[in-house]
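# Per-entry structural report
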Amino acid sequence: MIDANDKRELVRSAPSADGEWTRLECAQLVQRLSARQPLTERYADLGEIGRGGMGRVLRVRDQDLHRDLAMKIMRDLGAPRLDEVHEEVTPQLVMSARFIEEAQVAAQLDHPGIVPVHDVGLDREGRLYFTMKLVRGRTLEKVLELAHKSLEGWSTTRVLNVLLRVCEAMSYAHERGVLHRDIKPANIMVGHHGEVYVMDWGLARLIGREPRAETKDTDSGDVYSARHGSPGHGSISPFVTEDGRILGTPAYMSPEQARGEPSAIRPTTDVYGVGALLYQALTGRAPYSQPGKHAENRATWVALQSKAPETITSVAPHTPAELVSICEKAMERSVGERYASMTELADDLRAYLEMRVVRAHGSGPLVELRKWVSRNKTMAGLLAVVVVLITVGSALLALAEQRRAKEALIRLDAHHAARLRDSVAQFSPLPVDQAARADFLLDAHKLVETLPNRTAQLARLEADSTAAGRAEWKQSAPDPQLENLILNARNWVSGYQQAVEQAQAIKPGANTSASSIQQAQDTVAILPKEIAWYESEVTRLEGERSPASVLTFRDREEQAVHDDMFRLAADLAYLEKEGIPFVEGLSARSHEVVRLTTESVDALSDWRVATASLADMGQCPAYRGLHLDPQVGLRPLRRDPASGLWEFWHLLSGNKPAVRPSGGYEMEADTAMVFVLVPGGDVSVGAQAASVDEPYFDPGTKDSESIRKARLDAYFISKYEMTQGQWLRLTGKNPSEWNSGTDPRTSRRISRSHPVEQVTWLEAQHEIVRWGLELPTEMQSENAARGGSRGAYATAADFSVLIGKVNFRDLRLRTALKETIPVGLVDDGFALHAPVGSFAPNDFGLYDAYGNVAEWCFDWYADSCEQTPPRLGDGEVQPVRFQDKVFRGGSFRSAEPELRASRRQKLRPDRGADDLGLRPARALDH
């Protein structure tokens, strides 16, 4: 039985213009077959060897002639009868017409590449069948798999010879007025002895000649079928059924077939199909498919109607340029741009195999000469000597100059593309980058327009140079440093996965300590994110591996030109696929940042509350009536009840912070940065050792720490040190020596809420600028860290007051470092740095202003006698010598003297340390 969908498909596919004639022809033929004695007793069933849309294919034994044949039997729909002539077109009639047509068409095509049909008939159950030669071999689909893996002697060259045989068979069929319309790897059989057959003519269509009666001379060359009658008579079955199913295989189907354009179906339709076979032979995958994924017919059909498949050079960049040209011409979306006939396609394939000129790739005297030289190298060498002797020197000089000009243009474009690629990472989603982004996009789009030409130019150079023997592909040596990075990342993944499994096995019990349970909980909570990050690192690093083989030239200058072209093509491809979309996305995001921070209803409401509070002298006297405009990128959080200062969150750096019941904020792995608005005014920093009764007294002060004064504007500074999670979101990397996931053993496992360290000054300043931030000056840093206090240790004159409130060089660190432990040394609970906000804040609400990790400042280091007076507004000083940058605040490695409020330290800007991080700041937008 046939279901409703199949019936609807068959009825929709029935002939219409000649429907009455078709019903009569088909029914009469079936009636003649029914009157004959069934021949199936002659054939012994040896088992099914295939199955298709219209029926099954059996291997049968011809018991009269003692030979094995293939028998195709139609699905059991029942045979049409002569009395159906005046009824509606039935599914039986349509299917029978198609089945008979396939047998009749194939039987009349007498070519070594088309399987001969022996007879047609009805079996005892009334099912139509026809027998044909049994082909022993494998499908082209299997052959392409073997060739792609270079197995069993199969290669691309050998496959090209198979395709050449396909072209010859199809050229013969086209001359007889028959189109195949379903060329695909599964319909090409390759015999054990090199035979090539085009199979399955079930979707064939007759074209090109005037109708004729069945009784006319059958030697005229025309092919006749009962369903279509004479060539050119009848309708074309649509390739998409009413219920949406697709007839044919879209990956190998021409665009005009997919769009259902009957008038465009011609020999060039089959040319496209052979081009699709060539595409798969060159790339290892069918058009519109992805490696390792099953191609879904409907998705491919939709894509086919709107765009060309991925270019061969992007999938298989080392494909000879001539084969690329042949395939592209065969698969041109415009019918008029394709090879006009299968013979033309065969000629170009044969020309490539014989090292002659491929017309699709190029023609003319120079191309002909180059190919002739490839075939006749000895004679060419002799002639070359003669040509060189008689060639005009000025012509050679002109050619050399022209070549040098082209090479200079390539180098210029390569430099330009590299500069654009490097600039992508410098853009931010803040409005300040708007003009620079527009300039970038203008330049990048213009340069990317040359990508197809540059790619083709590179492919031609590689093909020509290898063909001429000027270069050869050699196995590239792996980069040891890169391979070590990949191995290291994989080791982190496996080690962390093992740690998670062990932690999950730990259960609370009498023999399990509280610290062990806590460590296990930390492991399960922290490590999955680190595993995912290291896995992404493995993928990224593997993508940076050099190609398996590299093209090596004998001539250094030609090698340099090739390398410039290769880098140029790679950079242009990056700009097209990643760079331009990323920057365009930033432009869209820029508008969103402005809207969310200064224009949305919620944002305007928050800013009205904050600006009114700041301007209120009674509520916020420290700000002295400050008028603050909405700041792009920031949103007000609250006025800290303890410090009285207003705090804001930075949208680009993470999620909105949640307030902790005990004060401060929950600084999780994905929490945004929080900024405190520090009031402006007259500020003093530094220390003096002359008078204990005077402010800023510190008996341990150094000459370089003398008191400095300046008037500072109000400024934003981070409430917390920048976390590893925030830096990872900004840069995609975590440079920390004690990075998230580390188990210090002597304290809890480190998470992304710990401060980032090992960041150089250059990295810090370069990266945070993209978020609209900057490093604070020394005066801003010390002023914020003191929180208004004037003691030697910021909030106290004696360090003992700070014990338990800062993370410094304590008992636990000494134990971890296995050092001699002084009697009475305290334990602050952390051997290394602690999660930000673990200790008490200062009077401005800043956490870890001293201890935990030290923090970079913007200024160059200068002794008191070598610096200019502090600049009004931000307090920056200019030194006489520019060598080191300042960092402040001490760290978990700092002993008591190094935690003094005026303590200044220095380091070269290109260096980092495992206890040195940053606390970003930001000036007010006016």
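Data block above holds the structure.
Structure report, in brief. Source: prediction; values computed, not measured. (Residues numbered from 1 in each chain as written. Predicted model: local features only at pLDDT ≥ 70, side-chain atom pairs only at ≥ 80, totals over all residues. Heavy atoms only, no water.)

## A look at the packing of aromatic side chains
Aromatic rings considered in pairs are described by the distance between their centres and by the relative angle of their planes. Per the stated rule, a full pass over the model turns up 14 aromatic pairs. Both rings, one in W761 and one in F858, keep their centres 6.0 Å apart while their planes meet at 50 degrees; by these two values the pair is tilted. In this pair, W761 sits in helix 22 (residues 761-768) while F858 sits in strand 21 (residues 854-860), placing the two residues 97 residues apart along the sequence. Residue class for W761 comes out buried when judged on its relative accessible area of 9%. On the accessibility criterion, F858 (25% relative accessible area) is partly exposed. (Phe/Tyr/Trp six-rings, centres within 6.5 Å; stacked < 30°, edge-to-face > 60°. Helix = DSSP H or I, 4+ residues; strand = E, 2+ residues; numbered from the N terminus. Buried < 20%, exposed > 50% of the residue type's maximum accessible area, 1.4 Å probe, protein only.)

## Description of the sheet that holds strand 4 (residues 117-122)
Sheet strands pair by backbone hydrogen bonding; their relative direction is either parallel or antiparallel. Judged by pairing direction, the sheet is antiparallel, and its 5 strands sit side by side in the order 1-2-3-5-4 without closing on themselves. At either margin of the open sheet sits one strand with a lone partner, and together these are strand 1 (43-51) and strand 4. Pairwise comparison of adjacent strand axes, ignoring direction, gives a mean angle of 25 degrees for this sheet. Here 8 bridges tie strand 2 (residues 55-62) to strand 3 (residues 67-74), and the two strands are oriented antiparallel to one another. For L58, the partnering residue across the bridge sits in strand 3 and is M71. (Pairing = 2+ DSSP bridges. Axes fitted to C-alpha atoms, helices over the stretch in contact; angles between N-to-C directions.)

## Describing the sheet that holds strand 6 (residues 137-139)
Across the sheet, 3 strands lie side by side as 6-8-9; this open sheet has antiparallel pairing. This sheet does not close on itself; its edge strands, each paired only once, are strand 6 and strand 9 (196-198). Pairwise comparison of adjacent strand axes, ignoring direction, gives a mean angle of 25 degrees for this sheet. Across 3 bridges, the pairing between strand 6 and strand 8 (residues 188-191) is antiparallel. Each bridged residue has a counterpart across the sheet, and for G137 the counterpart in strand 8 is G191. Each of strand 8 and strand 9 is contacted by helix 5 (residues 156-175), which is oriented at about 45 degrees to strand 9, the strand it contacts most. (Contact = heavy atoms within 4.5 Å.)

## Description of the packing of helix 5 against helix 11 (residues 342-353)
Relative to each other, helix 5 and helix 11 sit at 155 degrees, their axes nearing to 9 Å. Comparing their axes, helix 11 and helix 5 come out roughly antiparallel. Handedness of the crossing formed by helix 5 with helix 11: left-handed. Residues T157, L160, N161, L163, L164, C167, E168, M170, S171 and H174 of helix 5 form the contact with helix 11, whose participating residues are M342, T343, L345, A346, L349, R350, Y352 and L353. Broken down by class, the residue content of the contact of helix 5 with helix 11 amounts to 11 nonpolar, 5 polar and 2 charged. (Parallel < 35°, antiparallel > 145°, perpendicular 65-115°, else oblique. Left-handed = near helix turned anticlockwise from the far one by under 90°. Nonpolar A, V, L, I, M, F, W, Y, C, P; charged D, E, K, R; others polar.)

## Comments concerning helix 22
Taken together, the buried positions of helix 22 are occupied by W761, A764, Q765, E767 and I768. Buried-residue contacts for helix 22 involve helix 21 (724-731), strand 21 and strand 22 (885-888).

## A short note on the packing of helix 21 against helix 22
One can describe the packing of helix 21 onto helix 22 by two numbers: an axis separation of 10 Å at closest approach and a directional angle of 65 degrees. In terms of their interaxial angle, helix 21 and helix 22 are classed as roughly perpendicular. For the crossing formed where helix 21 meets helix 22, the hand is left-handed. Taken together, the residues of helix 22 that come into contact with helix 21 (itself represented by W727, L730 and T731) are E763, A764, E767 and I768. When the residues that make up the contact of helix 21 with helix 22 are grouped by side-chain class, the tally is 4 nonpolar, 1 polar and 2 charged.

## Examining the environment of S747
Within the secondary structure, S747 is located in the loop between helix 21 and helix 22. In the structure, S747 is positioned 87 residues away from A834 in sequence and 9.3 Å away in space, judged by C-alpha atoms. Residues in contact with S747, not counting those within four places in the same chain, are Q519, R812, G829, F830 and A831.

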